[in-house]
2 protein chains.
Amino acid sequence: LFAALCSLNAQAQTRDPLPSWNDNHARARIIAFVDAVTEQGGKDYVPPAERIAVFDNDGTLWSEQPIYFQAQFIIDRVKALAPRHPEWKTTQPFKGILEGDMKSVVASGEKGLLELVMATHSGSTTDEFRQIVLDWLATARHPKYKRPYNELIYQPMLELLAYLRANGFKTYIVSGGGVEFMRAWVEKAYGIPPEQVIGSTIKTKYELRNGKPVIVRIPQLDFNDDKAGKPVAINQYIGRRPIAAFGNSDGDFQMLEWVTSGNGPRLGMIVHHDDGEREYAYDRKSFIGKLARGLDEAPQRGWSLISMKQDWKQIYPQDK
Amino acid sequence: LFAALCSLNAQAQTRDPLPSWNDNHARARIIAFVDAVTEQGGKDYVPPAERIAVFDNDGTLWSEQPIYFQAQFIIDRVKALAPRHPEWKTTQPFKGILEGDMKSVVASGEKGLLELVMATHSGSTTDEFRQIVLDWLATARHPKYKRPYNELIYQPMLELLAYLRANGFKTYIVSGGGVEFMRAWVEKAYGIPPEQVIGSTIKTKYELRNGKPVIVRIPQLDFNDDKAGKPVAINQYIGRRPIAAFGNSDGDFQMLEWVTSGNGPRLGMIVHHDDGEREYAYDRKSFIGKLARGLDEAPQRGWSLISMKQDWKQIYPQDK
Ligand SMILES: [Ca+2]
Ligand SMILES: [Ca+2]
C-alpha cells in the first residue's frame, strides 16, 4: 500500500500542472512562486491560511469583448422585460437599447447606466435572479464564437486556479461585475464557491412572503468593486492581504498594488490581450478593459505580463 | 500501515468530541444532526461545500455581561484618547463616559452611541486598529472574573466549532460586533479565519501614505449586522444559505429563521443564559442579549435551547 501511495504521489508530481501554458517566463514565474511559498522551512514559506490569491473576472478568467458579458445580459434583459414596460419605447436609455442605438445609451451617461442596472438586476429575490442568469446563459450566444458565454473561460487560467488550490491556496474572484450575476455560474465554471466571490453589489432586504423568508434585491447601489474599491472589498470580505493577484486592466491597478506591496513573497500578473486572431487584441486605447498605467508600471513594480498569444497554447476549454 | 491507520481512525471515532457537554438533549441533537448530514448515501446527506454553520458571537461564543465587551473597549478608548480631546470634558456623550455617568450616555441615544463608535473606531488604518484592539485585550480585565476578555469564551462552544470543522463544516461568525474588532483576536480564540468573520462595518478607503498603500477607517456607518441584517449579510458574504445557526438573543431571530426555513436538514440552537452562579442569568428582561420571542417560538420552530446550567459541565477553558 505504501509503495502504491508513493507511486501515485510521484505520478502527481510529474504530471504537468499547467499543460496549456508555453514554457515561457509567465509559467516559470508562477511555478517558482508556488514552489517558494510552499517549501517547508524555506525563507519564503507562507502558511496555508495566508495563501490567498485574488482574480479579476472580466478579461482575466473569461472574455469581455466586444462588450462586457454582463452588459449583454442587461441588453437582453431590457428586451425581455420591454413588453411589461411600454414606457421604455419612448424613454432613454431604454429606447436606445430597444432600437439598437448604442450612441444614445452611452449619451445617457452613468445615470443612464445605473438605471439600466437597476431595471434589470433588482425587484427579484436572490433565488429568482440566479435562475434568470442561468436561463440567460442557457440561451444567449456570443456574437463571434456563437457559443454560450460561460464557455468563453480561459483554459490556462482554469489550470492555474486548480494548481494554486492543489497547493493550499484559497482562490477568490474580485470583480467589478455583479456578485449575484457571477455566483450563479462561477462555482461550476471555475470551482470557486460563492463565499469566495467578491463583486459589485446592490442593496438587499430580508422579508417574509407568504410566511416564507426571502432576500429581495432592491434598486440601490451598495458598492462598486472597481479600482480603489478592490482593496477595500478585499479587506472587508477577506480581512487579510492576499499574496497573489491576477488582473487585466487598470481597474485592477490598486488591487495589484495592495497585494504586491505587502511583506514577503508576492505575485502580481496581468493578462495581456494581444491575440487578435484567437481572441481580441486591445490595451491602451480600449474602451473595455483599458490597460495603460499597468503596462507602463509593470516592470518597475515587478508585475509580469501574461501574453495570451505567446504564453497560452489554448484559449478556451473547447479549443483543440 | 493500513492497520495502524484503521486503529487511529477508530481511536478518533471513540474519543468524545464534546467532553464539556452533559449527556442531555442539546448534545444529542448536535450529534444526530452531524451524523445525518455526513452519512454518505443517507437521505439527509449534505455535500461538504454546503456544510456552513453560522454563530453569533456576543453571548453565544463569549460572554457579554455586564456590558458588551466592545462597549467596554469604547469606554476605555474614550478615556485613553481624552487627553487629546479636551472638548470631551464638556460634551456629551463623552463627558458622561469620562465621569462614569452612564445615564447621560444612554440619554444621548443612538446618535450619541454612533458618535462614540466613530470617535473610537475610525481615523486609524486597519493595521493600527488591529494593534489597538490587541493592546486593549492584553491589559483590560473583566470586572467579575478579573481575566482578559478573550479568555471568557465558552469551552463547550470551542468543542462544538472543532467538532463541526472535523466533519467538513465551514464555521462562520455573524455578529452585530465590529468586524475588525473581532478579526483581531478570533482566529486565535476560535480557529475562525478572518474571511469567515462577518460583522458590523464602518466605511474604509484606500490611500497612499508616503507611497505605501493603507486602508483607512472612516467615520461613517456602513452596515449594522443585527436582526434582519444578519440574513442579508449572510447572503452578501457567503452567498448560500447555511444549514446550522447558533445564537442567544432576539437579534439572532431572523438568522435562525432564514437558516432553518431552508430545505433539508437544519439545525437552530439558542444558548440560554440560565446560570447565574457560573456566568449570568438573563433573558426576557435583559437590556443586553434580550431573549423573548426566541424563547416563545423555539418549540414550534424546532429550535433547541442550550441550557448553560444543565448542558455545560464547564463554562470557560480555564475552569477546572
Ligand atoms: Ca477586467
Ligand atoms: Ca448575541
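Reading the values: rules and limits
Residues numbered from 1 in each chain as written. Chains lettered and ligands numbered in written order. Predicted model: local features only at pLDDT ≥ 70, side-chain atom pairs only at ≥ 80, totals over all residues. Heavy atoms only, no water. Helix = DSSP H or I, 4+ residues; strand = E, 2+ residues; numbered from the N terminus. Rg over C-alpha atoms; globule rule 2.2 N^0.38 Å. Buried < 20%, exposed > 50% of the residue type's maximum accessible area, 1.4 Å probe, protein only. Contact = heavy atoms within 4.5 Å. Areas by Shrake-Rupley, 256 points an atom, 1.4 Å probe, with all protein chains shown as cover. Phe/Tyr/Trp six-rings, centres within 6.5 Å; stacked < 30°, edge-to-face > 60°. Lys NZ or Arg CZ within 6 Å of the ring centre and 35° of its normal. Buried area = accessible area lost by both parts, 1.4 Å probe. Salt bridge = Lys/Arg side-chain N within 4 Å of Asp/Glu carboxyl O. Polar contact = N/O pair within 3.5 Å; in protein donor to acceptor, adjacent residues only side chain to side chain. Nonpolar A, V, L, I, M, F, W, Y, C, P; charged D, E, K, R; others polar. Donors = N, O, S within 2.8 Å, 3.2 Å for Na, K, Ca; no water. Core = buried A, V, L, I, M, F, W, Y, C linked by side-chain atoms within 4.5 Å. Domains from an automatic or database assignment. Pairing = 2+ DSSP bridges. Axes fitted to C-alpha atoms, helices over the stretch in contact; angles between N-to-C directions.

## Considerations on the overall build of chain A
Line of reasoning, step 1. Tallying secondary structure elements over chain A gives 14 helices and seven strands in all.
Line of reasoning, step 2. Expected size for 320 residues packed as a compact globule is a radius of gyration near 20 Å; at 21 Å, chain A falls within 12% of this value.
Line of reasoning, step 3. Scored against the burial criterion, the 320 residues of chain A give a buried share of 55%.
Line of reasoning, step 4. When contacts within chain A are restricted to residue pairs at least 6 apart in sequence, those whose partners lie at least 24 apart make up 66%.
Line of reasoning, step 5. Carbon and sulfur atoms make up 53% of the accessible area of chain A, which totals about 14,300 Å².

## Let's talk about the packing of aromatic side chains
Line of reasoning, step 1. Throughout the structure, instances matching the rule amount to 37 aromatic pairs over all chains.
Line of reasoning, step 2. Their ring planes at 85° and their centres at 6.1 Å tell us that A:Trp258 and B:Tyr206 sit as a pair that is edge-to-face. Of the two residues, A:Trp258 sits in helix H12 (residues 253–260) while B:Tyr206 sits in strand S3 (residues 197–209), which places them in two different chains. There is no split in this pair, since A:Trp258 and B:Tyr206 are both buried.
Line of reasoning, step 3. When the centroid spacing of 5.1 Å and the interplanar angle of 10° are considered together, the rings of B:Trp136 and B:Tyr149 count as stacked. One end of the pair, B:Trp136, is in helix H7 (residues 126–139); the other, B:Tyr149, is in the loop between H7 and helix H8 (155–166), with 13 residues separating them in the sequence. The same class applies to B:Trp136 and to B:Tyr149, which are both buried.
Line of reasoning, step 4. An aromatic cluster is present here, built from A:Trp62, A:Phe69, A:Phe73, A:Phe129, A:Trp136, A:Tyr149, A:Phe181, A:Trp185 and A:Tyr190 joined pairwise through their rings.
Line of reasoning, step 5. In this arrangement the basic side chain of B:Lys144 is found over the ring face of B:Tyr280, its NZ or CZ atom lying 4.4 Å from the centre.
Line of reasoning, step 6. For B:Arg241, the ring lying beneath its charged end belongs to B:Trp258, and the centroid distance is 3.6 Å.

## Some thoughts on the interface of chain A and chain B
Line of reasoning, step 1. Listed per partner, the contact involves 37 residues of chain A and 37 residues of chain B.
Line of reasoning, step 2. In this assembly, chain A packs against chain B so that about 3,100 Å² is buried in total across both faces, 50% of it on carbon and sulfur atoms.
Line of reasoning, step 3. Per-residue buried area on chain A facing chain B is highest for A:Glu195, A:Tyr206 and A:Gln236; these three make up 21% of the total on that side.
Line of reasoning, step 4. Inspection of the region where chain A meets chain B yields six salt bridges.
Line of reasoning, step 5. In this assembly, chain A and chain B are joined by 20 residue pairs in polar contact (both at pLDDT 80 or more).
Line of reasoning, step 6. Of all the elements in the fold, those that place two or more residues in the side of chain A that touches chain B are strand S2 (170–178), helix H9 (179–183), strand S3 (197–209), strand S4 (212–223), helix H11 (229–237) and H12 of chain A.
Line of reasoning, step 7. Residue composition of the side of chain A that touches chain B, by class: 18 nonpolar, eight polar and 11 charged.

## With respect to the coordination of the calcium ion (ligand 1)
All names here are of chain A.
Line of reasoning, step 1. Distances from the calcium ion (ligand 1) to its protein donors, namely Asp-56 (OD), Asp-58 (O) and Asn-248 (OD1), fall within the range 2.3 Å.
Line of reasoning, step 2. Counting residues between consecutive donors of the calcium ion (ligand 1) along the chain gives the motif D-x1-D-x189-N. Residue Asp-58 is located in the loop between strand S1 (52–55) and helix H3 (69–81), and its partner Asn-248 is located in the loop between strand S5 (244–247) and H12; the two are separated by 190 residues in the primary sequence. For the pair shown, Asp-58 and Asn-248 are each scored as buried.

## Comments concerning the nonpolar core
All names here are of chain B.
Line of reasoning, step 1. Met-157, Trp-185 and Tyr-190 are the most contacted members of the largest nonpolar core, which has 57 residues in total.
Line of reasoning, step 2. Both domains that furnish three or more residues to this core are identified here as domain 1 (20–66 + 151–311) and domain 2 (69–139).
Line of reasoning, step 3. Beyond its immediate sequence surroundings of up to four residues, Met-157 is in contact with Trp-21, Phe-55, Thr-60, Leu-61, Phe-246, Val-271 and Trp-312.

## Points about the domain arrangement of chain A
Interfaces are often sized by the amount of accessible area the parts lose when they come together.
All names here are of chain A.
Line of reasoning, step 1. Per the domain assignment, the segments of chain A are domain 1 (18–67 + 152–311) and domain 2 (69–139).
Line of reasoning, step 2. Each of domain 1 and domain 2 was reduced to a C-alpha centroid, and the two centroids are 26 Å apart.
Line of reasoning, step 3. With 23 residues of domain 1 at the contact, the number on the domain 2 side is 21 residues.
Line of reasoning, step 4. In total, about 1,800 Å² of surface goes out of reach between domain 1 and domain 2, with carbon and sulfur atoms giving 70% of it.
Line of reasoning, step 5. Of all residues in domain 1, the largest losses of buried area upon contact with domain 2 belong to Ile-67, Phe-181 and Arg-217, amounting jointly to 38% of the total for that side.

## Quick word on the sheet that holds S5(A)
Residues and elements named next belong to chain A.
Line of reasoning, step 1. Taken together, seven strands build an open sheet; the order of strands is S4-S3-S2-S1-S5-S6-S7 and the sheet is mixed. Each edge of the open sheet carries a strand with a single partner, namely S4 and strand S7 (304–307). Between one strand axis and the next, the sheet turns by 35° as a mean value, whatever way the strands run.
Line of reasoning, step 2. When strand S6 (residues 267–272) meets S7, the two strands line up parallel, connected through four bridges. The partner of Val-271 across the bridge, within S7, is Ile-306.
Line of reasoning, step 3. Along the sheet, H11 makes contact with S1, S2, S3 and S4, crossing S2 at roughly 130°.

## Points about the pattern of salt bridges
Line of reasoning, step 1. Scanning the model with the defined rule gives 44 salt bridges over all chains in all.
Line of reasoning, step 2. In this structure, A:Arg27 engages A:Asp23 in a salt bridge whose closest nitrogen and oxygen atoms are separated by 3.8 Å.
Line of reasoning, step 3. A relative accessible area of 14% means that A:Arg27 is categorised as buried.
Line of reasoning, step 4. Salt-bridge contacts for B:Glu151 lead to B:Arg147; the nearest nitrogen and oxygen are separated by 3.7 Å.
Line of reasoning, step 5. Given a relative accessible area of 26%, B:Glu151 falls into the partly exposed group.
Line of reasoning, step 6. A single salt-bridge network, built from bridges that share partners, covers A:Lys170, A:Arg240, B:Glu187 and B:Glu195.

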